[in-house]
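# Descriptive structure summary
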Amino acid sequence: MSSNRILIYMGEPGPLTGAPRRLLTLVEGLRDRGFEVIVSTHPYSELYRIEQENNFSPIDIHPKGVLALKNKKLIKNKSLFFRLKILFALIKSNIEFHEIIKNNNVDLILIRGSSAFAKFGLALFLSRKKIIWDLDGELPSVGVIRVLHELAMFLSVKVIAQYEEIFNKVFNDSFNRRYQSRYEAIIPGINVSRLVFKQQDTVRESIKIIQVGTICENKNQLFALEVFSKIKEDYPNLKFTIDFAGSVKDEQYQSRLDVFVEEYGLNEHVRFFGWCNNVTHLIAESDILLMPSLSEGVPNAVQEAMAIGLPVVASSVGGLPEIIASDKTGFCIDLDLIDEWYDIILRLIQDSSLRQTIGDNAKNYANENFDNRTWVSEYIKVIDSVTGR
């Protein structure tokens, strides 16, 4: 057997942002290298739709009945009848997933997110297939989550993460000592050929700053507004706009942003674009990208901004310090240092040569390190080590 047939499962990816967009890039790269990839995901997701539009045959697999409830509701209801409903639903979903594995005669299964091991653990065990766990968006390994992670590790021969530090962030020292030999950190790639590049000779009076991400507490747009309210107060004649590109995940948080904009007189400076299909165009039309998130992996928007040639100012969380060399290819700053955010952003707004230097450095770094072909090659090395291909 050639070990070229891979089943990739991703739970409920929703719109084509972040992780699902990255997964699609990986799928395309693997197919270009001769792998037959079958995507299994929610039928109402953009990932499923695009697979269909590209004349592939994605597999509809999604939580049904009680399994479609949110985790808190599943845990909160402790009645025996409800627990039996969960048990029967799990048995049914495991039978369904086992049939998918069997009927498609796959050589390898790649699982995105540990929740799949809770839903399909029995099917994965009975399949006797090699499993790679793609670690993404995991909660710290404590309590019930620790049990789930132990199951995932029991079933997986390799664990791939976007950056090194995530293993220390999610797992404790004891867990890491036991399973470190299975860990692989691979910085994700982006499809540079699809980017729209910044016009170097663009000259305008007002500096454009952009933040990309869903409107929610984690993306921390309010922090950005607080910094700019201080800049506006100290430099009332400074011309700048800050654009927020991303769908609204938290309506209450959006309301807080709207109130803040009104209260501090930022209406002329702030624009909310909502969900955008042309986000790389917006980045290319901007001068600075902000990413003050409370937590992150390795965001597409940051990698794309660097490849386009924008200076990035980001919080020092997740994988950001592993891809941004502060003061050289961008700036990584702790969120409790708001005065430093103020100083760096103000310098970038006022100093075009600094923007150009940092942007050029970022672009050179991105071209050398973010190419999706390199990323796919590293992934294939892991696949080959697992399958003996």
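Here, every reference points to the structure presented above.
Residues numbered from 1 in each chain as written. Predicted model: local features only at pLDDT ≥ 70, side-chain atom pairs only at ≥ 80, totals over all residues. Heavy atoms only, no water.

### Some thoughts on the packing of aromatic side chains
- Under the defined criterion, the tally for this structure stands at 16 aromatic pairs.
- When the ring of Phe117 is compared with that of Trp133, the centres are 5.8 Å apart and the planes differ by 70°; the resulting orientation is edge-to-face. With Phe117 in helix α5 (residues 115–127) and Trp133 in strand β5 (residues 130–134), this residue pair connects regions lying 16 residues apart in the sequence.
- Given the relative accessible area of 1%, Phe117 is considered buried.
- On the basis of relative accessibility, which here comes to 0%, the residue Trp133 falls in the buried class.
- Both rings, one in Phe223 and one in Trp341, keep their centres 5.1 Å apart while their planes meet at 80°; by these two values the pair is edge-to-face. Separated by 118 residues along the polypeptide, Phe223 in helix α9 (residues 221–234) and Trp341 in helix α14 (residues 338–350) bring together distant segments of the chain.
- What links up through ring pairs into an aromatic cluster is the set Phe117, Trp133, Phe167, Phe171, Phe175, Tyr179 and Tyr183.
- Above the face of the Phe56 ring, Arg31 is positioned so that its terminal group lies 3.5 Å from the ring centre.
- In this structure, Arg128 is placed above the aromatic ring of Phe125, and the distance from its NZ or CZ to the ring centre is 4.4 Å. (Phe/Tyr/Trp six-rings, centres within 6.5 Å; stacked < 30°, edge-to-face > 60°. Helix = DSSP H or I, 4+ residues; strand = E, 2+ residues; numbered from the N terminus. Buried < 20%, exposed > 50% of the residue type's maximum accessible area, 1.4 Å probe, protein only. Lys NZ or Arg CZ within 6 Å of the ring centre and 35° of its normal.)

### Description of helix α4 (residues 80–104)
- For α4, spanning 25 residues, the distance from its first C-alpha to its last is 36 Å, which sits close to the expected 36 Å at 1.5 Å a residue.
- Within the sequence span of α4, burial applies to Phe82, Ile86, Ala89, Ser93, Asn94, Phe97, Ile100, Ile101 and Asn104.
- A positive phi of about 50° marks Asn105, the residue just after α4. (Expected span 1.5 Å × (residues − 1).)

### Focus on unusual backbone geometry
- Even without being a glycine, Asn105 presents a positive backbone phi close to 50°.
- Relative to the helices and strands, Asn105 resides in the loop between α4 and β4 (108–112).
- Given a relative accessible area of 44%, Asn105 falls into the partly exposed group.
- Phi is positive for Asn220, close to 65°, though the residue is something other than glycine.

### Description of the packing of helix α1 (residues 18–32) against helix α16 (residues 372–387)
- Put simply, α1 and α16 touch, their axes get as near as 10 Å, and they point 75° apart. One finds that α1 runs roughly perpendicular with respect to α16. When α1 is examined against α16, the residues Arg22, Thr25, Leu26, Gly29 and Leu30 are found in contact with a partner set consisting of Asn372, Trp375, Val376, Tyr379, Ile380 and Ile383.
- Its residues assigned to classes, the contact of α1 with α16 shows seven nonpolar, three polar and one charged. (Axes fitted to C-alpha atoms, helices over the stretch in contact; angles between N-to-C directions. Parallel < 35°, antiparallel > 145°, perpendicular 65-115°, else oblique. Contact = heavy atoms within 4.5 Å. Nonpolar A, V, L, I, M, F, W, Y, C, P; charged D, E, K, R; others polar.)

### What to know about the environment of Pro292
- Examined against the element boundaries, Pro292 turns out to sit in the loop between β11 (288–291) and α12 (300–308).
- A residue is classified by how much of its surface remains accessible, and Pro292, at 0% relative accessible area, is buried.
- Separated by 74 residues in sequence, Pro292 and Asn218 have C-alpha atoms that sit 8.8 Å apart.
- Among residues more than four places away in sequence, those in contact with Pro292 are Gln211, Lys219, Asn220, Phe223, Ala224, Ser315, Leu335 and Trp341.

### A short note on the sheet that holds strand β9 (residues 240–245)
- The strand order across the open sheet built from six strands is β10-β9-β8-β11-β12-β13, with neighbouring strands paired in parallel fashion. The outermost strands of the open sheet, each flanked by one partner alone, are β10 (270–274) and β13 (331–333). Ignoring strand direction, the axes of neighbouring strands in this sheet form an average angle of 20°.
- Note that β9 and β10 share four bridges and pair parallel. Residue pairing across strands places Ile242 opposite Val270, the latter belonging to β10.
- Taken strand by strand, α14 contacts β8 (207–212), β11, β12 (312–315) and β13, and its axis lies near 170° from that of β12. (Pairing = 2+ DSSP bridges.)

### What to know about α12
- Within α12, nine of the nine residues are buried, which leaves it mostly tucked inside the rest of the structure.
- Taken together, the buried positions of α12 are occupied by Asn300, Ala301, Val302, Gln303, Glu304, Ala305, Met306, Ala307 and Ile308.
- Following α12 by one or two positions, Gly309 has its phi on the positive side, about 110°.

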